[in-house]
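# An overview of the molecular structure
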2 protein chains.
Amino acid sequence: MSEKEIPYKIYLREDEIPKTWYNVRADMKNKPAPLIHPGTHKPLSAEEMEPIFCRELCEQELDNDTRFIPIPEEIQDFYKMYRPSPVVRAYCLEKKLDTPAHIYYKFEGNNTSGSHKLNSAIAQAYYAKKQGLKGVTTETGAGQWGTALSMACAYFGLDCKVFMVKVSYEQKPFRREVMRTYGASVTPSPSETTEVGRKILEEFPGTTGSLGCAISEAVEVATHTEGYRYVLGSVLNQVLLHQSVIGVEAKTALDDYGVVPDIIIGCAGGGSNLGGLISPFMGEKLRGEKDYEIIAVEPASCPSFTRGKFTYDFCDTGHVTPLAKMYTLGSEFIPSANHAGGLRFHGMSPVLSQLYDEGYMKAVTAEQTDVFKAATEFARVEGILPAPESSHAIKAAIDEALKCKETGESKNILFGLTGTGYFDMVAYQKFNDGQMEDHIPTDSELEAGFKNIPDTSDVQF
Amino acid sequence: MSEKEIPYKIYLREDEIPKTWYNVRADMKNKPAPLIHPGTHKPLSAEEMEPIFCRELCEQELDNDTRFIPIPEEIQDFYKMYRPSPVVRAYCLEKKLDTPAHIYYKFEGNNTSGSHKLNSAIAQAYYAKKQGLKGVTTETGAGQWGTALSMACAYFGLDCKVFMVKVSYEQKPFRREVMRTYGASVTPSPSETTEVGRKILEEFPGTTGSLGCAISEAVEVATHTEGYRYVLGSVLNQVLLHQSVIGVEAKTALDDYGVVPDIIIGCAGGGSNLGGLISPFMGEKLRGEKDYEIIAVEPASCPSFTRGKFTYDFCDTGHVTPLAKMYTLGSEFIPSANHAGGLRFHGMSPVLSQLYDEGYMKAVTAEQTDVFKAATEFARVEGILPAPESSHAIKAAIDEALKCKETGESKNILFGLTGTGYFDMVAYQKFNDGQMEDHIPTDSELEAGFKNIPDTSDVQF
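Every value quoted in this text rests on a predicted model; they were computed, and no experiment measured them.

### Structural notes on the overall build of chain A
Within chain A, the secondary structure is distributed over 18 helices and 15 strands. For a compact globule of 461 residues, the expected C-alpha radius of gyration is about 23 Å, and chain A comes in at 21 Å, within 12% of that figure. Along the three orthogonal principal directions, the C-alpha set of chain A runs to about 60 × 50 × 45 Å. When each of the 461 residues of chain A is scored for burial, the buried share is 66%. Sequence-distant contacts in chain A: of pairs separated by 6 or more residues, those separated by 24 or more amount to 77%. Total accessible area on chain A stands at roughly 15800 Å², and carbon and sulfur atoms take up 48% of it.

Below you can see the structure in the form of structure tokens.
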């Protein structure tokens, strides 16, 4: 088939920004397992979720059937400020690698939050505003989600309380200041301001915090403060739904040029980016219309898919959240402090976990020195300085392109470039100075993590 | 006239990226005064410039007649990686200000250098490569130019030696690491590695450096190292020429929608952004075809246009450069260290200086607390975290929009949003903490600066 000449960047028109999100759960024969109550082990109803999450988001969380969910106009308007994001043809990287493969990436970093997180942040802030709430609480690790939520809350005039993992709070003061510039309050976690925080501090006096701790604190504040709810930037079904805007745009752009990706690659921490990117493609695959090779890339230091267990577990360290059925390393698993970016969450999206379990996608791991090597190679030819998280996908895309060089195949490779690395220069500096290393957990370290997974053998699904 | 509905972002197609630069000097009846030799006070010939600058760049520096200068294909290819940049309609800011004015901004921050500087960096690196040079030297202050040049040199495989003003080198380690990631060597200036650096250190032992010092060092290394030339990110005619890509794109985009700007605003340090943005508009104005109100915004702490002298002066502290006729505060003028961004250069582009002197544009100043207030207001509604430099233009655009609110006029305001502020969070933090202040030079401080301007009363033009 003769292709239209493909530009460096395929931009959709503003009127081509999706008007509906794509809910891949509608295409799944085996739906993702529901969240369950940690005491009763019964599926959480919308009513039980509502003290934690905004009303309409609870509905989205539970809706396994509606394939196209309309994007409210107010959210569409906000999307217009930074979307559509381009699909970029990596001509310069292809040339550098001397590969017959065609490499494309969907670039989500061209907004001030620096990542795709804004796609869901604005949706969650919108529903909170619509419900008449005063504000929202959340946690942030590397800081991309917190920044995105601060921006979204500033836009709608909502208060925003961010619990930032203490080690990041101290090592990433600039991230903190961006959030403050957007009017958010930022508290290092664990803090003395919550019961769960005080308890964790008592038990582990010198702790520098973890995402799991920060989630516990944010949930506690949301459920104990009038007019507040908790919002989360990954893992949940609702988040993957909002992030489907990435995949729908990418598919529309590639369709316009008659390009069908053979391989689709995304980094995977909690799964928000990968789940969003693959949504409409996975829909076709689930319906048996097309076949795509789908690859999740996770850090070797936090290998939920490749070395975790598929079972119900807590989403947080303090055990204040519902249980989700997912690939997990145990809620007390904390990747070694020398890990440079996000992707440090112990669990994985229930939607992706189900799909992975059924063999609809595969997973690979990457070590961070290799990841930064790929990042630097990419930056020098493609111009964009990628986030460490995104660079996991770059590493895998380069590997696939080099395989094509061996075999002579000119496969179409699409990967998600989720964000930029401007706030990760401490990690780049370590790499530049040759001082980066990775810690791959030993089997016994993983076993210790698994011990904290609750017994849910009574659960039926 | 009925307008087409204007999208949030007007993106040109990739094939609409300009294929020629616009040389506004061709439209000037009174050409900018030539660079002169500091010893003989005679205009510098191309031959005399060639030990400092690349050959073709010398020609561009001297060409006052060719209106359209072709952009080499290799540069066009690089432009495709991050251009065209959008013209954004600031709908949300208009609504927030409740103004009848229509506000547009040309956003140049969506590339890893974080600013428009890449437009000229890639051109200068290209000509250096074409000439068969090994590398280039330069200085950087806030770091945007150094980053842009590092990226450009990485792309063409050139060595890149950056002298970074010492205070920035220490306060902006992340900027330094971005440059290193792109393979540049970064030396804090003044350094012991050059004669002029050693001399400055001897005279001022505790100095934290200045742009003028760093220029002196970079020029010395370029002229004393086989296969190297010096490149500069602002002030020069060639730089304004390359930056005309901003203005040509902006004009094409606005023309597509029948929008004629009444007011065009840009921040002005050395003049690269403003000169580029206004080029084709100023061409029409000089030819008497259209009238535009053109406003340069400079920091109150470094008021070259509004309080400087229009005369020949050195471009650097060490007095190793040729003399340029420009608005200047004297080559030893250094704005107070508490100034937060770039725009700290003592002089101004000779092209803009000539146009300003003849009344084709006006200039205003802004104090930095007001600038950061405008920046924060803008960020919260438009989503983009602006660089302090760019925020000077935002401040003036808001002022003009508020004037329209008073008069009820719906003027079209276009301003240049030159870059993003990710590496300026120390300054934002000061503002967030209420600790930002500005130092406006007193008349006697300015008089002291003027004393260092050389006597060029013998010069005829």
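### Re the relation of the copies chain A and chain B
For the match of chain A to chain B, the screw axis carries a shift of 0.0 Å, the RMSD comes to 0.0 Å, and the turn is 180 degrees. Put plainly, the chains are arranged around a two-fold axis. The C-alpha atom lying nearest the rotation axis in chain A is that of A:Asn110; the distance is 3.1 Å. Interface residue correspondence from chain A to chain B reaches 100%, placing this contact among same-surface, isologous pairings.

### Observations regarding the interface of chain A and chain B
Think of interface size as the accessible area that goes away when the parts come together; that is how it is often given. The partner chain B presents 42 residues to the 42 residues of chain A that form the contact. Both faces combined, the contact of chain A with chain B buries some 4000 Å², and carbon together with sulfur accounts for 57% of it. Considering only the side of chain A, the residues that lose the most area to chain B are A:Phe174, A:Thr181 and A:Tyr422, jointly responsible for 18% of the buried surface there. At the surface where chain A touches chain B, the tally comes to 4 salt bridges. Between A:Arg180 and B:Asp433 there is a salt bridge, with the nearest N and O atoms lying 2.8 Å from each other. Put simply, chain A and chain B have 25 residue pairs in polar contact (both at pLDDT 80 or more) between them. Among the secondary structure elements, those contributing two or more residues to the side of chain A that touches chain B are α3 (73–82), α6 (144–156), α8 (173–181), α15 (368–382) and α17 (425–432) of chain A. The biggest single contributor to the side of chain A that touches chain B is α8(A), with 6 residues. When grouped by side-chain class, the residues that make up the side of chain A that touches chain B number 22 nonpolar, 9 polar and 11 charged.

### A few points about unusual backbone geometry
With an omega of -10 degrees, the peptide bond between A:Arg83 and A:Pro84 qualifies as cis. Mapped onto the secondary structure, A:Pro84 falls in the loop between α3 and β4 (87–89). Note that the residue after B:Ser189, namely B:Pro190, is joined by a cis bond; omega there is 5 degrees. Phi at A:Val235 is positive, roughly 70 degrees, even though this residue is not glycine. Along the chain, A:Val235 falls in the loop between β9 (228–230) and α11 (237–256). Not every positive phi belongs to a glycine, and B:His319 is a case in point at roughly 60 degrees. Considering the arrangement of structural elements, one finds B:His319 in the loop between β12 (309–314) and β13 (323–328).

### Some points on the sheet that holds strand β7 (residues 159–165) of chain A
The strands that make up a sheet pair up through hydrogen bonds in the backbone, lying either parallel or antiparallel. Residue and element names in this part refer to chain A. Strand order in the open sheet made by the 4 strands is β8-β7-β6-β9, with parallel pairing throughout. If you trace the sheet from one side to the other, it starts and ends with β8 (185–189) and β9, each paired once. Strand-to-strand twist of the sheet, defined as the mean angle between neighbouring strand axes without regard to direction, takes the value 25 degrees. Relative to β8, β7 is paired through 5 bridges, and the arrangement is parallel. Along β8, the bridge assignment pairs valine 165 with serine 189.

### Side note on the sheet that holds strand β6 (residues 135–140) of chain B
All names here are of chain B. In space, the 4 strands of this open sheet follow the order β8-β7-β6-β9, with parallel pairing throughout. Both outer strands of the open sheet, β8 (185–189) and β9 (228–230), are each paired with one neighbouring strand and no more. Adjacent strand axes in the sheet meet at a mean angle of 25 degrees when their direction is disregarded. Each of β6, β7 (159–165), β8 and β9 is contacted by helix α10 (residues 211–224), which is oriented at about 170 degrees to β6, the strand it contacts most.

### Let's talk about the nonpolar core
A:Met361 and B:Met361 are the most contacted members of the largest nonpolar core, which totals 241 residues. Here A:Met361 is in contact with A:Leu274, A:Ile278, A:Met282, A:Ile294, A:Ala296, A:Phe305, A:Leu352, A:Leu355 and A:Tyr356, once residues within four sequence places are set aside. With 24 residues, the next largest nonpolar core counts B:Val165, B:Val235, B:Leu236 and B:Phe345 among its residues.

### Remarks on the state of the cysteines
Residue and element names in this part refer to chain B. As enumerated under the stated definition, the model contains 0 disulfides over all chains in all. The structure places no disulfide on cysteine 54, whose sulfur is separated from the nearest cysteine sulfur, that of cysteine 58, by 7.6 Å. The exposure class assigned to cysteine 54 is buried, which follows from its relative accessible area of 0%. Free of any disulfide, cysteine 153 has its nearest neighbouring cysteine sulfur in cysteine 160, separated by 4.1 Å. The buried category is assigned to cysteine 153, whose relative accessible area is 1%.

### Looking at the packing of helix α2 (residues 55–62) of chain B against helix α5 (residues 118–130) of chain B
Residues and elements named next belong to chain B. Close contact between α2 and α5 brings their axes to 8 Å; oriented N to C, the two are set at 130 degrees. Between α2 and α5, the crossing angle belongs to the class labelled oblique. Contacts from Glu56, Leu57 and Gln60 in α2 reach Gln124, Tyr127 and Lys130 in α5. The residue makeup of the contact of α2 with α5, split by class, is 2 nonpolar, 2 polar and 2 charged.

### Focus on the environment of B:Tyr91
All names here are of chain B. If you trace the backbone, tyrosine 91 turns up in helix α4 (residues 91–97). Each C-alpha atom of the pair tyrosine 91 and isoleucine 103 lies 7.4 Å from the other, and the pair is 12 residues apart in sequence. Setting aside chain neighbours within four positions, we find tyrosine 91 in contact with Ile6, Pro7, Tyr8 and Glu382.

### Focus on helix α12 (residues 272–286) of chain B
Residue and element names in this part refer to chain B. In the structure, α12 departs most strongly from a straight axis at serine 279, where the bend amounts to approximately 60 degrees and where the proline proline 280 lies between one and four residues downstream. Among the 15 residues in α12, 15 count as buried, and that is most of the element. Residue glycine 288 follows α12 closely and has a positive phi angle near 75 degrees.

### Some details on the packing of aromatic side chains
What the rule picks out here adds up to 43 aromatic pairs over all chains. Between the aromatic rings of B:Tyr126 and B:Tyr127, the centroid separation amounts to 5.1 Å while the plane-to-plane angle is 70 degrees, which identifies the pairing as edge-to-face. Taken individually, B:Tyr126 and B:Tyr127 each receive the classification buried, so the pair is uniform in this respect. One aromatic cluster in this structure is built from A:Phe78, A:Tyr79, A:Tyr82, A:Tyr126, A:Tyr127, A:Tyr155 and A:Phe156. The aromatic ring of A:Tyr169 is capped on one face by A:Arg176, whose charged end is 4.9 Å from the ring centroid. The residue whose ring lies beneath A:Lys309 is A:Phe450, and the NZ or CZ to ring-centre distance is 4.5 Å.

### Details of the domain arrangement of chain A
All names here are of chain A. Taken domain by domain, chain A comprises domain 1 (7–19 + 83–114 + 238–446) and domain 2 (21–68 + 116–236). In this structure, domain 1 and domain 2 have C-alpha centres spaced 22 Å apart. Taken together, the contact pairs 56 residues of domain 1 with 54 residues of domain 2. For domain 1, the biggest contributors to the area lost against domain 2 are Gln238, His242 and Phe423; these three give 18% of the whole. Between domain 1 and domain 2 we count 2 salt bridges in total. We note a salt bridge from aspartate 27 to arginine 287, for which the minimum N-O separation is 3.1 Å. Summed over the shared surface of domain 1 and domain 2, the result is 27 residue pairs in polar contact (both at pLDDT 80 or more).

### Regarding α15(A)
Residue and element names in this part refer to chain A. In this model α15 runs 20 Å from its N-terminal to its C-terminal C-alpha over 15 residues, within 8% of the 21 Å that 1.5 Å per residue would give. Those residues of α15 not exposed but buried are Gln368, Val371, Phe372, Ala374, Ala375, Thr376, Phe378, Ala379, Val381 and Glu382. A positive backbone phi angle near 85 degrees is found at glycine 383, which sits one or two residues after α15.

Calculation notes
- Residues numbered from 1 in each chain as written.
- Chains lettered and ligands numbered in written order.
- Predicted model: local features only at pLDDT ≥ 70, side-chain atom pairs only at ≥ 80, totals over all residues.
- Heavy atoms only, no water.
- Helix = DSSP H or I, 4+ residues; strand = E, 2+ residues; numbered from the N terminus.
- Rg over C-alpha atoms; globule rule 2.2 N^0.38 Å.
- Buried < 20%, exposed > 50% of the residue type's maximum accessible area, 1.4 Å probe, protein only.
- Contact = heavy atoms within 4.5 Å.
- Areas by Shrake-Rupley, 256 points an atom, 1.4 Å probe, with all protein chains shown as cover.
- Least-squares fit on C-alpha atoms with pLDDT ≥ 70 in both.
- Buried area = accessible area lost by both parts, 1.4 Å probe.
- Salt bridge = Lys/Arg side-chain N within 4 Å of Asp/Glu carboxyl O.
- Polar contact = N/O pair within 3.5 Å; in protein donor to acceptor, adjacent residues only side chain to side chain.
- Nonpolar A, V, L, I, M, F, W, Y, C, P; charged D, E, K, R; others polar.
- Pairing = 2+ DSSP bridges.
- Axes fitted to C-alpha atoms, helices over the stretch in contact; angles between N-to-C directions.
- Core = buried A, V, L, I, M, F, W, Y, C linked by side-chain atoms within 4.5 Å.
- Disulfide = S-S within 2.5 Å.
- Parallel < 35°, antiparallel > 145°, perpendicular 65-115°, else oblique.
- Bend = angle between axes of the 7 residues up to and from the residue.
- Phe/Tyr/Trp six-rings, centres within 6.5 Å; stacked < 30°, edge-to-face > 60°.
- Lys NZ or Arg CZ within 6 Å of the ring centre and 35° of its normal.
- Domains from an automatic or database assignment.
- Expected span 1.5 Å × (residues − 1).

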